[in-house]
Structure formats: C-alpha cells, structure tokens
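This is what each chain is made of:
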Amino acid sequence: MTNVVLSAENLSIGYPARRGQCRVIAKDLQLHLRRGEVVCLLGPNGAGKSTLLRTLTGMQPPLAGRIWLDGQDLRTFSARELARRMSVVLTERVEVGPLTAYALVALGRHPYTGWTGRLRPHDEAIVRWALEAVHAAHLARRMVHELSDGERQRIMVARALAQEPLVMVLDEPTAFLDLPRRVEIMQLLRRLAREARQAMILSTHDLELALNMADVLWLLTADGTFYCGAPEDLVLKGVLETIFADTGMVFDRMRGQFRMHQTMRRRANLTGDGLAKIWTARALERAGWQVVELPPAEAHVTIIGDSHQPSWELSVNGAPKQQFTSLYAVVHWLRQQCQEEEQHERHARATDCA
Ligand code: ADP
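Residues numbered from 1 in each chain as written. Predicted model: local features only at pLDDT ≥ 70, side-chain atom pairs only at ≥ 80, totals over all residues. Heavy atoms only, no water.

**What about the packing of aromatic side chains?**
No. 1: Under the criterion given, the structure shown has two aromatic pairs.
No. 2: For the ring pair Phe 324 and Trp 333, a centre distance of 5.6 Å and an interplane angle of 45° mean the geometry is tilted. In this pair, the class of Phe 324 matches that of Trp 333, namely buried. (Phe/Tyr/Trp six-rings, centres within 6.5 Å; stacked < 30°, edge-to-face > 60°. Buried < 20%, exposed > 50% of the residue type's maximum accessible area, 1.4 Å probe, protein only.)

What follows is the structure in structure tokens.
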C-alpha cells in the first residue's frame, strides 16, 4: 500500500545509559502511518507513549532503528524543514502571552515566512482556512488566555494545521476537556484527516472514543509489547482483553465497551427482548449478577411490555414474584435480597461455630 508519510524500522525507544545499561522502553517497532489516517496511541501511564511521540517527532533520538518522514531519514531534516512536514500539539498548557487567536495560528506559518515573520497574502489565506477548518473563525480576535479549554484546543489544532504538515502529532488532545468537548475535538480531527488527507497520531486515554474513531490503534503495554492494527482486528484477536486484564477494567467484546471488573457470584436468567433487554442486562451486571439465557439461576427476571414502557417481574430463589416499574427499583430490591441472604449465612456460620 502507498501513501506512507511516516514509517519506522526496527525502532527502539528509551533513554541512553548514564551508568550501566540503557533504559529500553520498547524495541523492534515497525510502524507505518498513511495520508488521511488517524492513529490513536493507547497504553497505561508510564508505558512509553510520550517517549514514542518524542522519538517520532525528532525531539529525542531513537536507541536504535530508523525513522522515515516523507521518504527521508528523520535525522537529516533541519528544524525548519521538519516543521514544514510535521506539527506537534502538546498536552501542557503553554503560556502564550497576550496573543489573539489569529496571531497564535499565524505562528504556524513560521516555517514558511522570512526572518521578519511577515505574512504574505497566501499565508493569511491559510491562517483563515485553518481557523475555519476548526470552526473557530469567530474567535480570531479573542485573546487566547480568555478562551475556554475547548476553544483553546481548537486554536492549537488550527496552529498545527496552518503549518500545512504531512503529519500532525497530538499528545492527549482531549485532556482537560469534558465529554462533549472531547467528542467534538475527536470528530474534528477525524474530519480533518478525511478532508485534508492529513495523517495524525494522537495519544489518548479515551479508549472508547479511540475505538470509535481511529483507523489504526497503536497499543503499548507496560512491559514494552506493542500491538498495532485496526480497532476491530484487535478486538477480534482478543488483544484489548489481554492488555487491560489486570487493570480492573474488562473489555466486553460483544458490546465493544470497557466496564469495571465485577465478581459475579449470582446468576440471573433474563427473558425479554429489544432495547429493554440490553439495558436490563447492563443494570444487572452493574449490580454484580451474571446474566444467563437459560436456568439454572438464582433470580428470574422477565421484561413485560415494550421498550418504551417496560416493567419487570422478578423472583429470587423461588420466592413469590414481585413487579417493578424501574431498573433502579429492580437493582435496589436485588441488593436487599442479597444482603438479607448474606446476613442469614453469616448468622448460620456463627451458630455452627458456637
Ligand atoms: P507515558 O507517556 O506512557 O505515560 P512516558 O513515555 O512518559 O510514558 O514514560 C515511559 C517510561 O520512561 C517511564 O517509566 C518513565 O519513568 C521513563 N522516563 C521518562 N522520561 C525519562 C527520562 N528522561 N530518563 C529516563 N527515564 C524516563
């Protein structure tokens, strides 16, 4: 396949030795990034995401291996040539001083202007295009330090776009943003990749957003193992379950979601269908019940009515059926039953010992 703009061969990343051995974070990485592609880099804290991004952007040298940008060895680029091909958006809130949003985005033209930094009409047009691309033309005259985190992040992306790079590298672009703003920035990046044929690498902790929007995931584990592939390929191979196995999170392959790990000691047989069944199963699992299609089970839950106005019929351990009109009431009642049962068991054990 063609259109590769960034690649790495046998890349080892880490830190050279001060005394004794090098600190190798990951080794023998083979990486490819193509035009129009969004790569999400995921991994637990300390796995080496920032180290990898710093190495790929030339901020720190590899321990071994080669990196190619636009067909040329990364080591041979001058700072100015590199800035014409690659732009970086960092997580830290950089203090930019008293600048308007327009002036900040205009800084992205630095690699193209002379030493005076004066913008030509062509540069001005690109700055306006970059602001429009991130839907921030109306912010052009505002001072950057007065913008909200979400607006500011859009301006930082516009500055990176104004560089007209082949590759944009974004270190946790959604950190500090609330959920709607995170989704908005991810959708914006997705759209820019498609429309401007922009290649992007972004590190993130937003697992589900990454699963939904990345063309490729790069997964780095704490022991330096590296997995790479389309999100769906990695799900089918069971990679996500393996990686997050000891984090208290469980990846549910059927639903494509992460959830908290729960010890499910009891089984609930659920009868019903449609949306109501899906959300009833979620509520039961949240309460620590394993949902099964067929008996045996300690609880039997039947959904009555349709998904718009469901109600629930419940019986636990053969006790008389109860009816409920909300899942809150179902879960509350199940919890009460379990607590009573556990109290009985404790009491019985205490009596046996005595
Ligand atoms: P992440 O971005 O995934 O949280 P980092 O790339 O920041 O991880 O760090 C990966 C590992 O490299 C960590 O164990 C960290 O302590 C170590 N590390 C980071 N910077 C340095 C450094 N300058 N010298 C030596 N080790 C470092």
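Right, picking up where we left off after that structure.
**Points about the nonpolar core**
No. 1: Ranked by internal contacts, the top residues of the largest apolar core, which has 54 residues, are Ile 155 and Leu 217.
No. 2: Of all the elements, helix α5 (residues 149–162) adds the most residues to this core, at seven residues.
No. 3: Apart from the residues lying within four places of it in its own chain, the contact partners of Leu 217 are Cys 40, Leu 42, Ala 210, Leu 211, Tyr 227, Cys 228, Gly 229, Pro 231 and Leu 234.
No. 4: Core analysis: the next-biggest nonpolar cluster, separate from the first, contains 31 residues, Ala 8, Ala 47, Val 169 and Phe 226 among them. (Core = buried A, V, L, I, M, F, W, Y, C linked by side-chain atoms within 4.5 Å. Helix = DSSP H or I, 4+ residues; strand = E, 2+ residues; numbered from the N terminus. Contact = heavy atoms within 4.5 Å.)

**Focus on the site of the ligand**
No. 1: Taken together, Tyr 15, Arg 23, Ile 25, Pro 44, Asn 45, Gly 46, Ala 47, Gly 48, Lys 49, Ser 50 and Thr 51 make up the full set of residues near the ligand.
No. 2: A distance of 3.2 Å separates a nitrogen atom of the ligand from a polar side-chain atom of Tyr 15.
No. 3: Within the contact set of the ligand, an oxygen atom lies 2.5 Å away from a side-chain nitrogen or oxygen of Thr 51.
No. 4: Relative to its free-state accessible area of 570 Å², the ligand is covered by the protein chains to the extent of 62%.
No. 5: Elements with a contribution of two residues or more to the shell around the ligand: β2 (23–34) and α1 (49–56).
No. 6: Counting residues per element, the shell around the ligand draws most heavily on α1, at three residues.
No. 7: For the shell around the ligand, a count of residues per class yields four nonpolar, five polar and two charged. (Near = heavy atom within 4 Å. Polar contact = N/O pair within 3.5 Å; in protein donor to acceptor, adjacent residues only side chain to side chain. Areas by Shrake-Rupley, 256 points an atom, 1.4 Å probe, with all protein chains shown as cover. Nonpolar A, V, L, I, M, F, W, Y, C, P; charged D, E, K, R; others polar.)

**Overview of the side chain of Ser 315**
No. 1: When you line up the elements, Ser 315 lands in strand β16 (residues 311–316).
No. 2: On the accessibility criterion, Ser 315 (10% relative accessible area) is buried.
No. 3: Filtering out sequence-adjacent residues up to four positions away, Ser 315 remains in contact with Glu 298, Ala 299, His 300, Pro 320 and Lys 321.

**Concerning the state of the cysteines**
No. 1: The full count for this structure, using the stated rule, is zero disulfides.
No. 2: The thiol of Cys 40 is unpaired, and the distance to the nearest cysteine sulfur, on Cys 228, comes to 12 Å.
No. 3: Given a relative accessible area of 43%, Cys 228 falls into the partly exposed group. (Disulfide = S-S within 2.5 Å.)

**A short note on the domain arrangement of the protein chain**
No. 1: According to the domain assignment, the protein chain contains domain 1 (4–252) and domain 2 (266–353).
No. 2: Using C-alpha coordinates to define each centre, domain 1 is positioned 46 Å away from domain 2. (Domains from an automatic or database assignment.)

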